[in-house]
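# Observations on chain architecture
Below, each chain spelled out in residue letters.
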Amino acid sequence: MSDNTPLVIIPTYNEIGNIEKMIDTVLRLSVSFHVLIVDDNSPDGTAEKVLSLQKESPSRVHLLKREKKLGLGTAYIKGFNWALAN
């Protein structure tokens, strides 16, 4: 993700029912965005669903999977750090 395309960071925990629609909504906006999902090891398979959706837009959909539920604030910080590094 070395271009200047804006990034939307979406922290998740147990969002299997919403994640596909969230990603699709962002990717269909009139402005081009990258999407970074920061998943806190959701037991419902959210990260696995993101990985399957990533195959459709590998250059725009990104996933950070954390080992356990660590909270919203630290998920955003992790996402910001990822954005700065990438």
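Residues numbered from 1 in each chain as written. Predicted model: local features only at pLDDT ≥ 70, side-chain atom pairs only at ≥ 80, totals over all residues. Heavy atoms only, no water.

## Concerning helix α3 (residues 72–85)
Working note: α-helix, 3.6 residues per turn, so residues spaced by three or four point in the same direction. For α3, which comprises 14 residues, the first-to-last C-alpha distance of 20 Å matches the rise-based estimate of 20 Å (1.5 Å per residue) to within 8%. For α3, every residue scored as buried is listed here: A75, G79 and W82. Buried residues along α3 cover an arc of 60° about the axis, so they all sit on one side. Away from the buried face of α3 by more than 90 degrees, exposed residues L84 and A85 are located. (Helix = DSSP H or I, 4+ residues; strand = E, 2+ residues; numbered from the N terminus. Expected span 1.5 Å × (residues − 1). Buried < 20%, exposed > 50% of the residue type's maximum accessible area, 1.4 Å probe, protein only. Arc of directions from axis to C-beta.)

## Details of a nonpolar patch on the surface
A cluster of nonpolar side chains, contributed by L72, Y76 and F80, occupies part of the molecular surface with about 310 Å² of accessible area. Here Y76 shows up in helix α3. (Patch = residues over 30% accessible without salt bridge, like charges linked within 9 Å, V, L, I, M, F, W, Y side chains within 5 Å. Areas by Shrake-Rupley, 256 points an atom, 1.4 Å probe, with all protein chains shown as cover. Salt bridge = Lys/Arg side-chain N within 4 Å of Asp/Glu carboxyl O.)

## Some words on the pattern of salt bridges
Counting across every chain of the model gives 4 salt bridges. In this structure, E20 and K49 form a salt bridge, with 3.4 Å as the shortest nitrogen-oxygen distance. You can see E20 sitting in helix α1 (residues 19–27) and its partner K49 sitting in helix α2 (residues 46–54), a full 29 residues away along the chain. Note that E48 is salt-bridged to K65, the shortest N-O span being 3.3 Å. Of this pair, E48 sits in helix α2 while K65 sits in strand β3 (residues 61–65), and the two are 17 residues apart along the sequence.

## Some remarks on the pairing of strand β2 (residues 34–39)
For β2, a buried count of 6 out of 6 residues is recorded, marking the element as mostly surrounded by other parts of the structure. Residues H34, L36 and V38 point to one face of β2 and V35, I37 and D39 to the other, with burial holding for every one of them. With α1 bridging strand β1 (residues 7–12) and the parallel β2, this β-α-β connection has right-handed handedness. Sheet analysis places β2 next to β3, joined by 5 bridges and oriented parallel. Counted as the bridge partner of D39 is K65 from β3. Crossover β2 to β3 through α2 is right-handed. (Right-handed = clockwise from strand over helix to strand, strands pointing away. Pairing = 2+ DSSP bridges.)

## A look at the sheet that holds β1
Sheet architecture is open: 3 strands sit in the order β1-β2-β3, paired in parallel fashion. Each edge of the open sheet is held by one strand with a lone partner, namely β1 and β3. Each adjacent strand pair in this sheet contributes to an overall mean axis angle of 20°, direction not counted. Helix-sheet contacts for α1 involve β1, β2 and β3, and the interaxial angle to β2 is about 155°. (Axes fitted to C-alpha atoms, helices over the stretch in contact; angles between N-to-C directions. Contact = heavy atoms within 4.5 Å.)

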